[in-house]
Amino acid sequence: MTEPRAAGLSGFADLLDGLSFAGGRNAKLKLMADWLRTTPDPDRGWGLAALTGGLDLPGVKPALIRALIEERVDPVLFRLSYDYVGDLAETVSLLWDAEGTGPAPGLAEVVERLRVLGRAEAPVVLAGLLDRMDAPARYALLKLATGNLRVGAGARLARLAFAQAFGLSVEAVEEHWHGLEPPYAELFAWGEGDAGPPDLSARPLFRPFMLAHPLEEPEALDVAAFAAEWKWDGIRAMAVRVGAEVRLYSRDGNEISRTFPEIAAAMGQEAVLDGELLVRGAGGVGSFNALQQRLGRKTVSAKMLADYPVFLRCYDLLFDGAEDVREAPLAERRARLRDVVARLDPERFDLSPDLEATTLEQLAELRAAPPDPAIEGLMLKRRDSPYVPGRRAGLWYKWKRQPLNADCVLMYAQRGHGKRSSFYSDFTFGAWAPDGQLLPVGKAYFGFTDAELKWLDQWVRAHTVNRFGPVREVEKALVLEVAFDAIGPSSRHKSGLAMRFPRISRIRTDKPAAEADTLETLRALGG
Amino acid sequence: MAPDVRHWLQPRPEGLYLPTIDVWIDPARPVQRAIVTHGHSDHARGGHGAVWATPPTLAIMAERYGAQAGALPLAHGEAIELGGVRISLHPAGHVLGSAQVRLEKEGAVVVVSGDYKRAPDPTCLPFEPVPCDIFITEATFALPVFRHPPAQAEVARALAALKANPDRCLLIGAYALGKAQRVVALLRAAGHVAPIYLHGAMQRLMALYQAHGIDLGDLRPAAGVPAGELKGHVVMAPPSALADRWSRRLPDPITAMASGWMRVRARARQRGVELPLVISDHADWDELTATVRELNPKELWVTHGRDDALVHWCALHQIRARALHLVGREDEDD
């Protein structure tokens, strides 16, 4: 919707609100592109950084925001409000008792102030900024500061909007994106036609991953044209070395070198490798649970390194030395990859093996009986495919194992956040123990349709037996068919089991709770 | 200490009950004798044996449920006495005809607010503060995040959006009783004189308001009007019609909704609303707490809504308060 654009931070607040309320992807793209075209530098650069998750304001933590509001609002009233609104920034923006007198600070002013904010001065500075703003500007500031905009537009969509705003190809923008820093002066100069694309040849850049479509019609596959390999259940990662600079990136382009220092240290070849991070376990690949112990850590203890040693199982090669080989066919890239991996420490790097299959039946057999539990299916890649960012039709397919299924009983429901903040949308379910107790085995918050969510929400409200803050315990009466990719031992639940990637596939009102599955049955599915 | 009124006034899940005279206030099912505070369907049900309410509320009930055989009009300020209980109705500022119920027995005064607001509304009489020992309040928006901005400013935003998008129509979703008429009256007060087009479910109550002397200007049915003629115009519909097939034939509507819930973005998103308008016929947090302070009752009872927050606020301010947990009150559209 076209409305007169407000200046400064409230203009960004308008953009966030517009994105929140805009229906479709195209409407969101247009809103962002318009804002990027019409907002001056460096405001738009900081806004773009926020939209793409690239804005780091380390001095402002959710804990600080909570502390500030709890000095001003009774803690119980704050908690009840937060529980209802479901979003910290929005709750605080509405509760903050000031009407924004005087000139409101601009976006760049706020960001530049908050970026260099020391811990000791943070409370006073942040409170002072919030006092100068009205509720929408406070919302924008707190969203920026906490780094989670939740406006239904992710980083990729924002980069696409940038490309559309300035008539650039999104591939070219993606390619250059990861070498640049906010507020992206070079990027906007390129967009406005004042300069060529930024020169990034000497930097250890993230290159967007090539992704696969699910294989929908196996019968239509031209098997001879495709190479097959296992789809490993680890963390997709990219190892990059340019000169002496080494970086390890996750699938979304975040740097994870420090989380997996042994990989970065062993990256002795100048190359860009696409592979899967896995933990070495007894006699092969460790479980995903073991790998999870290593995730999200900024520093890693020696014990962690020893207990959960990680290696990169390589799928593909993007750069061989300084040479960009992405245009070369897969078969050639795999041959060169074999040579590169052979020169690396086998403790840290190995090759994802090629699979021999000439017919669909052979592929189906491989898929049905993989030799390792860390395999979640097959990858099928056209032998002549170049390495292109994103999901391109017809080039790569993933053919996952059939999901496992179990009938579980709903035990607890919790209110969701964001768009679902008034709905009970996080469901904990259990299976029967031998002594007739129901024990939780997993938690799922998707898989159902909007209509089913409404139904579930109503059911939860009508069958509540206990309330614990935002959580309701319900009558043990509703059976949910849960689909999941794997199940294995875990200390997270009292049942001693945890599911990987559980989702609710059906609501089984037809099935009495007593006939739901037992823990024994579930354990057997784990193999 | 508040006087003990339990022998003659009892909160029950289905409504407030006066056992010595067998009268219910806003009962959730048909009863022998009822007092109805206002015409919203979660307060006013048809089919009571006898029903006291203000003349406009009785007119609204007749419009919705057909003529009520037991209708007993009781004007604002007028009093009756039943078995030692003195009963009178006082303006609540919620919708046309809305009333608070003042009850007095043996020197103890209880006021039942029904739903109310303190913000000005051109379509109904303003809330009248009535001194009392026990004040029984609603708490629909009893969270400090709910602060309703001036309704004129919200309507001005809507008109600005309409002006900026001459090829679209402005589709405003609003509760058919009260909110819709208030929004139209505010649009008129803001100088919008063009015809306003109505969803079929809006027409009869609009006419009823006009028959009560409230000027709503040129209102026309939207049915049968070609989409092209609706460009640049306001169309009013009940909230349920916003995402319905009904709205598909409109010319690229700017979907707005007038409701206190629009203060929270997630609510607006769930509704698929493009232009949220924070306009409510209920008291917001500041109005609720200011009303409690102003009346300074010895005890506060809370009928429905976010009672936990208001009861907690009372505890912080050393006011005795309890939640009644009345059932069947639905304000999700307001």
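Read on for a plain summary of the structure. Everything numeric here is computed off the predicted structure, so don't read it as measured data. (Residues numbered from 1 in each chain as written. Chains lettered and ligands numbered in written order. Predicted model: local features only at pLDDT ≥ 70, side-chain atom pairs only at ≥ 80, totals over all residues. Heavy atoms only, no water.)

## Considerations on the overall build of chain B
Of regular secondary structure, chain B possesses 8 helices and 19 strands. Counting only residues that meet the buried cut, chain B has 61% of its 334 residues in that class. In chain B, the share of contacts with a sequence separation of at least 24, taken over all contacts with a separation of at least 6, comes to 60%. (Helix = DSSP H or I, 4+ residues; strand = E, 2+ residues; numbered from the N terminus. Buried < 20%, exposed > 50% of the residue type's maximum accessible area, 1.4 Å probe, protein only. Contact = heavy atoms within 4.5 Å.)

## Some details on the sheet that holds strand E11 (residues 134-139) of chain B
All names here are of chain B. Here we have 7 strands laid out as an open sheet, ordered E7-E8-E9-E10-E11-E18-E19, and mixed in their pairing. The outermost strands of the open sheet, each flanked by one partner alone, are strand E7 (79-82) and strand E19 (320-323). The average angle at which neighbouring strand axes cross in this sheet is 20 degrees, direction not considered. Its contacts with the sheet place helix H7 (residues 285-295) against E11 and strand E18 (299-305), and it is angled at close to 175 degrees to E11. Set on the sheet, helix H8 (residues 307-316) makes contact with E11, E18 and E19; between it and E18 the angle comes to about 160 degrees. (Pairing = 2+ DSSP bridges. Axes fitted to C-alpha atoms, helices over the stretch in contact; angles between N-to-C directions.)

## A look at the environment of Arg-33 of chain B
All names here are of chain B. Counting through the fold element by element, Arg-33 comes out in strand E4 (residues 33-35). Given the relative accessible area of 28%, Arg-33 is considered partly exposed. Separated by 17 residues in the primary sequence, Arg-33 and Ala-50 place their C-alpha atoms 4.7 Å from one another. Aside from chain neighbours lying at most four places away, what touches Arg-33 is Ile-21, Asp-22, Val-23, Trp-24, Ala-50, Trp-52 and Leu-82. Only 2.5 Å separates the side chain of Arg-33 from the backbone oxygen of Ile-21, close enough to count as a polar contact. (Polar contact = N/O pair within 3.5 Å; in protein donor to acceptor, adjacent residues only side chain to side chain.)

## What about the nonpolar core?
Nonpolar side chains tend to gather and get buried jointly when the protein is soluble and globular. By size, the foremost hydrophobic cluster in this structure holds 105 residues, and its most contacted members are Leu-9, Phe-12, Met-32, Leu-48 and Leu-141 of chain A. Aside from chain neighbours lying at most four places away, what touches Leu-48 of chain A is Trp-35, Leu-36, Ala-158, Phe-162, Trp-177, Tyr-184, Leu-187 and Phe-188 of chain A. Membership of the second largest hydrophobic core comes to 38 residues, among which are Ala-158, Leu-162, Ala-180 and Ile-254 of chain B. (Core = buried A, V, L, I, M, F, W, Y, C linked by side-chain atoms within 4.5 Å.)

## Considering the interface of chain A and chain B
Quite often, the size of an interface is put as the accessible area lost when its parts meet. Of the residues lining the interface, 26 residues belong to chain A; the matching set on chain B comes to 31 residues. For the chain A and chain B pair, buried surface summed over both sides reaches about 2600 Å², with 59% attributable to carbon and sulfur atoms. Between Arg-265 of chain B and Glu-90 of chain A there is a salt bridge whose closest N-O contact spans 3.3 Å. Taken together, chain A and chain B are joined by 5 residue pairs in polar contact (both at pLDDT 80 or more). (Buried area = accessible area lost by both parts, 1.4 Å probe. Salt bridge = Lys/Arg side-chain N within 4 Å of Asp/Glu carboxyl O.)

Shape descriptors only; they carry no functional weight alone.
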